[in-house]
Amino acid sequence: MDINPFKICSGLKVLGYFMILLVAAIIGISYYAVVILTWGPQLLRGGFHSFLGFFIVIVSHILLILSLWSYLMVVFNDPGSVPENWRPILSEENVEVGCSMTSSDYVAPEASSSSWATSDGLERRPPVAYCIRCQNGKPPRCHHCSVCQRCVLKMDHHCVWIVNCVGACNYKFFLLFLLYSFLGTTLDTLALLPKFIKFFDDAKNHSSSPGNLAILFLAFVLNLAFSLSLLCFVVMHTSLLLSNTTSIEEISG
């Protein structure tokens, strides 16, 4: 019995929905640990502790809103679809395809036989890549995603955390999501560090409930792990952005 690997890839979409629930759970745990348990009560103490608590709570909410906004934008925005029956036109040579394509950016299949004259007087047709699975032309830097089962303009990668591809039209929101999430998890890690240092003393003296201690410990470990991971992604994608390169192009050389 033959196994179709592309059907297996399509099953990764199901994993992506669990990832969205995991993101929501991490946000909820972090918010409860930082705002409700740790720094929210500090607002009533007055003095420096109240000022510091107010600063952390406000900045946490700002970063949380920005992270959620960029996350929703990268999840629900189309990464960049190839128009049906796409074919290059004469003026498209050496032009990088963007995410906002109009009717002037593609022509009907019957126009694919068009050609242009070069400096040596010879007529040459524009080179056209073709996707067998989509039965459509492929613009420059376009790749077929085996999970989404379609071609994506300037595809960077398929991300299971967003159940979507990262391409020409949502790459900006993906970068913003990485940046805001890194800043948010770093802030949460620093905000929970004093409680984490006192964790074993609090557990030994039973000064806090076991449930709250478990949430504080879990929130600190999760935010520390994600902040370090996100730092690597921020550095990597900043380098790719500066060199105008995608992850696929970097891997393929």
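Here the structure is a predicted model, which means the values were calculated and not measured.

(A) Representation of helix H3 (residues 47-76). Across its 30 residues, H3 extends 44 Å between first and last C-alpha, which sits within 8% of the 44 Å expected from 1.5 Å per residue. Among all positions of H3, only Ser-50, Gly-53, Ile-56, Val-57, Ser-60, Leu-63, Ser-67, Ser-70, Tyr-71, Val-74 and Val-75 are buried.

(B) Region of the structure containing the side chain of Ser-181. For Ser-181, the location among the structural elements is in helix H4 (residues 171-197). In this view, Ser-181 contacts Ser-67 and Leu-230; residues no more than four positions away in its chain are not counted.

(C) Molecular detail of the nonpolar core. Membership of the largest hydrophobic core comes to 16 residues, with the highest contact counts inside it found for Tyr-71, Val-74, Ile-162, Val-166 and Phe-174. Among the elements that take part in this core, H4 stands out by supplying 6 residues, more than any other.

(D) The arrangement of the packing of aromatic side chains in detail. Applying the stated criterion across every chain, the model contains 6 aromatic pairs. Between Tyr-71 and Phe-177, the ring centres sit 5.0 Å apart and the planes meet at 45°, which makes this aromatic pair tilted. Here Tyr-71, found in helix H3, pairs with Phe-177, found in helix H4; they are 106 residues apart in sequence, far enough to count as distant. Connected via pairs of aromatic rings, a cluster forms that spans Phe-196, Phe-217 and Phe-220.

(E) A look at the confidence of the model for the protein chain. A residue-level look at the protein chain finds 76% of positions with pLDDT of 70 or above and a mean pLDDT of 80. Here strand S1 (residues 116-117) stands out as the element of the protein chain with the lowest mean pLDDT, 44, in contrast to H4, whose mean of 94 is the highest. For the stretch residues 97-118, pLDDT sits under 50, and the model shows 49 contacts to residues farther than four places along the chain or on other chains.

Conventions adopted
- Residues numbered from 1 in each chain as written.
- Predicted model: local features only at pLDDT ≥ 70, side-chain atom pairs only at ≥ 80, totals over all residues.
- Heavy atoms only, no water.
- Helix = DSSP H or I, 4+ residues; strand = E, 2+ residues; numbered from the N terminus.
- Expected span 1.5 Å × (residues − 1).
- Buried < 20%, exposed > 50% of the residue type's maximum accessible area, 1.4 Å probe, protein only.
- Contact = heavy atoms within 4.5 Å.
- Core = buried A, V, L, I, M, F, W, Y, C linked by side-chain atoms within 4.5 Å.
- Phe/Tyr/Trp six-rings, centres within 6.5 Å; stacked < 30°, edge-to-face > 60°.
- pLDDT = per-residue confidence, 0-100.

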